[in-house]
Amino acid sequence: LLLAARGWGCPGAMARYSTEQRGRPNSPDYRLYFKNADGKYISPFHDIPLFAGAKEDKEIPAKRSKTTGSEVLFNMIVEAPRWTNAKMEIATEEPLNPIKHDVKKGKLRYVTNIFPHKGYIWNYGALPQTWEDPSHMDNITGCCGDNDPIDVCEIGSKVRSSGEIVQVKVLGVLALVDEGETDWKIIAISADDPEAQKIHGKYLYIDDVKKHKPGYLEATVDWFQLYKVPDGKPENHFAFNGEFKNKDFAVEIIKSTHEHWKALLHKKVDGGTVKCTNVLVSGSPFCCSEEDARSIVQSAPAFMNGDSVSPEVDSWYFFPK
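Residues numbered from 1 in each chain as written. Predicted model: local features only at pLDDT ≥ 70, side-chain atom pairs only at ≥ 80, totals over all residues. Heavy atoms only, no water.

The name an unreviewed UniProt entry gives the chain is inorganic diphosphatase, with Erythrocercus mccallii as the organism. For the chain, the Subunit (unreviewed entry) comment in UniProt is given as "Homodimer." (UniProt positions renumbered as here; feature names shortened; annotations may be inferred.)

(A) Spatial organisation of the overall build of the chain. Scanning the chain for helices and strands turns up 4 helices and 19 strands. Here the chain, with 321 residues, has 55% of them falling under the buried criterion. Per element, the accessible surface of the chain, about 14400 Å² overall, is 51% carbon and sulfur. (Helix = DSSP H or I, 4+ residues; strand = E, 2+ residues; numbered from the N terminus. Buried < 20%, exposed > 50% of the residue type's maximum accessible area, 1.4 Å probe, protein only. Areas by Shrake-Rupley, 256 points an atom, 1.4 Å probe, with all protein chains shown as cover.)

(B) The arrangement of unusual backbone geometry in detail. Between Phe115 and the following residue, Pro116, the backbone shows a cis peptide bond with an omega angle of 10°. The phi dihedral of Trp83 falls on the positive side, at around 75°, and the residue is not glycine. Mapped onto the elements of the fold, Trp83 is located in the loop between strand 7 (74-80) and strand 8 (88-90). Phi angles above zero are rare outside glycine, and Asn241 is one such case at about 55°. As for its placement among the helices and strands, Asn241 is situated in the loop between strand 18 (237-238) and helix 3 (247-265).

(C) View of the environment of Gly180. As for its placement among the helices and strands, Gly180 is situated in the loop between strand 16 (165-178) and strand 17 (181-190). When the C-alpha atoms of Gly180 and Cys143 are compared, they prove to be 6.3 Å apart, with 37 residues separating the residues in sequence. Apart from the residues within four sequence positions on either side, Gly180 is in contact with Cys143 and Cys144. (Contact = heavy atoms within 4.5 Å.)

(D) A look at the nonpolar core. Counting residues in each nonpolar core, the largest one holds 31 residues, and the members touching the most others are Phe34, Leu96 and Ile99. When contributions to this core are tallied by element, the ones reaching two or more residues are strand 3 (31-36), strand 4 (41-42), strand 8, helix 3 and helix 4 (290-298). Listed in part, the 27 residues of the second largest apolar core include Ile121, Leu171, Val209 and Phe238. (Core = buried A, V, L, I, M, F, W, Y, C linked by side-chain atoms within 4.5 Å.)

(E) The arrangement of the pattern of salt bridges in detail. Applying the stated rule across the entire model yields 17 salt bridges. In this structure, Glu243 and Lys245 form a salt bridge, with 4.0 Å as the shortest nitrogen-oxygen distance. (Salt bridge = Lys/Arg side-chain N within 4 Å of Asp/Glu carboxyl O.)

(F) Local environment of the layout of surface pockets. Put simply, the largest pocket is a space of about 810 Å³. If you list the elements that add at least two residues to the lining of the largest pocket, you get strand 8, strand 10 (103-104), strand 13 (123-126), strand 17 and helix 2 (216-226). Partitioning the lining of the largest pocket into residue classes produces 12 nonpolar, 2 polar and 19 charged. (1 Å grid on protein atoms, 1.4 Å probe; cavity = no way out; pocket = protein on both sides within 12 Å on 5 of 7 lines; lining within 4 Å. Points joined across faces, edges and corners; volume = space filled by probe spheres on them. Nonpolar A, V, L, I, M, F, W, Y, C, P; charged D, E, K, R; others polar.)

(G) Fine view of the pairing of strand 16. The buried fraction of strand 16 amounts to 14 of the 14 residues, a majority that puts the element mostly inside the structure. The pairing of strand 7 with strand 16 spans 4 bridges and is antiparallel. If you follow Met76 over to strand 16, its bridge partner there is Val166. Where strand 16 meets strand 17, 10 bridges bridge the pair, whose relative direction is antiparallel. Within strand 17, the residue paired with Val170 across the bridge is Ala188. Turn length for the strand 16-strand 17 hairpin, with the two strands adjacent in sequence and antiparallel, is 2 residues, and the turn residue Glu179 shows positive phi of about 50°. (Pairing = 2+ DSSP bridges.)

(H) How the structure looks around the confidence of the model for the chain. Chain-level statistics for the chain give a pLDDT mean of 88 and a share of 86% at 70 or above. Every residue in residues 1-11 is under pLDDT 50, and counting partners more than four places away or in other chains gives 34 contacts. Within the model, pLDDT remains below 50 along residues 56-64, and this stretch shows 18 contacts once partners closer than five positions in the same chain are excluded. (pLDDT = per-residue confidence, 0-100.)

(I) Local environment of the packing of aromatic side chains. Summed over all chains, the structure comprises 14 aromatic pairs. Considering the side-chain rings of Trp184 and Phe249, the 6.0 Å spacing of their centres and the 55° angle between planes classify their relative orientation as tilted. Remark: Phe249 occurs in helix 3 and Trp184 occurs in strand 17; sequence separation between them is 65 residues. We classify Trp184 as buried; its relative accessible area is 2%. A residue is classified by how much of its surface remains accessible, and Phe249, at 22% relative accessible area, is partly exposed. Grouping aromatic residues by their ring pairs yields a cluster made of Tyr120, Trp122, Tyr124, Trp223, Phe224 and Tyr227. Here the basic side chain of Lys169 rests over the ring of Tyr205, its NZ or CZ set 5.2 Å away from the ring centre. Over the aromatic face of Phe240 sits the side chain of Lys245, whose NZ or CZ is 4.7 Å from the ring centroid. (Phe/Tyr/Trp six-rings, centres within 6.5 Å; stacked < 30°, edge-to-face > 60°. Lys NZ or Arg CZ within 6 Å of the ring centre and 35° of its normal.)

(J) The arrangement of the pairing of strand 3 in detail. Summarising burial for strand 3: 6 of the 6 residues are buried, a large majority. Of the two faces of strand 3, the one holding Arg31, Tyr33 and Lys35 and the one holding Leu32, Phe34 and Asn36 are both buried throughout. Bridge analysis of strand 2 (residues 17-22) against strand 3 gives 6 bridges, and the strand direction is antiparallel. Its bridge partner being in strand 3, Tyr17 is matched across the sheet by Asn36. Pairing of strand 3 with strand 9 (residues 99-101), which is carried by 2 bridges, proceeds in the antiparallel orientation. Its bridge partner being in strand 9, Leu32 is matched across the sheet by Ile99. Pairing analysis gives 2 bridges linking strand 3 to strand 4, with the strands arranged antiparallel. Paired with Lys35 across the two strands is Tyr41, which belongs to strand 4. Linking strand 3 to strand 4, which pair antiparallel, is a turn of 4 residues; within it Gly39 sits at a positive phi near 80°.

Here you go:
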């Protein structure tokens, strides 16, 4: 079943892409594949440009990127919508990297409700064409990357849907150290959000977030620190004592992970189990034909309608005082 593009995100963002479901929702075989405006199956990880407005089949990054005033916008792939619990993620180890429901020990994974938070407290996703290289030690955190695209917490007012492509304005970044790995968390807001224009300081976007969304950043630190504790794991830690770094710092981190991704896609580094199959990355040895991409999708289980709404996670985890 091909889901028609519904104009998600900023004008022209999701309109250029559509998604196709395979398998049964809320099951280990569920997959959400992506198509571009030409009807080609693509990898959201590799074939959607990092910079909004960039042409998919041209030089990466494109010389012309979409801006709001002097602001460069980035494409964000929404994996898990705000208030949901299902741990949806880009399948980095599968060809064409569809979105899937994460599985551990044969069971679907859900994030626990950490009182007073309900599920994910932002629209959670990733920036395409970025990669946190597990063989590269970050000079700032002293830890290697987590082998995934860089994560994004989108703090706009809309609740998005899994698979949406949203054009976002980067505001800052939090340096999470998760089980010994560097796991940057970009803080961003959809460029079409009514509050996006209120966050306009040249360097101190994060201060504007504190002003217009009081308590949100503190809740973000609290969430990332505690969300794995119900699974019996220790609290997470942060570089900079949990301080958010500014927009310019965040953009430099994004550029660095984009360079690591380019090295990965051109076989200059060993990506291990990461699948680099793509359709549009010029010069990549992993580029496949449109027919091969279609075969990958058609080999997945057919879409089974039913259980289309994720089961609610009603239990709450309280931390004793």
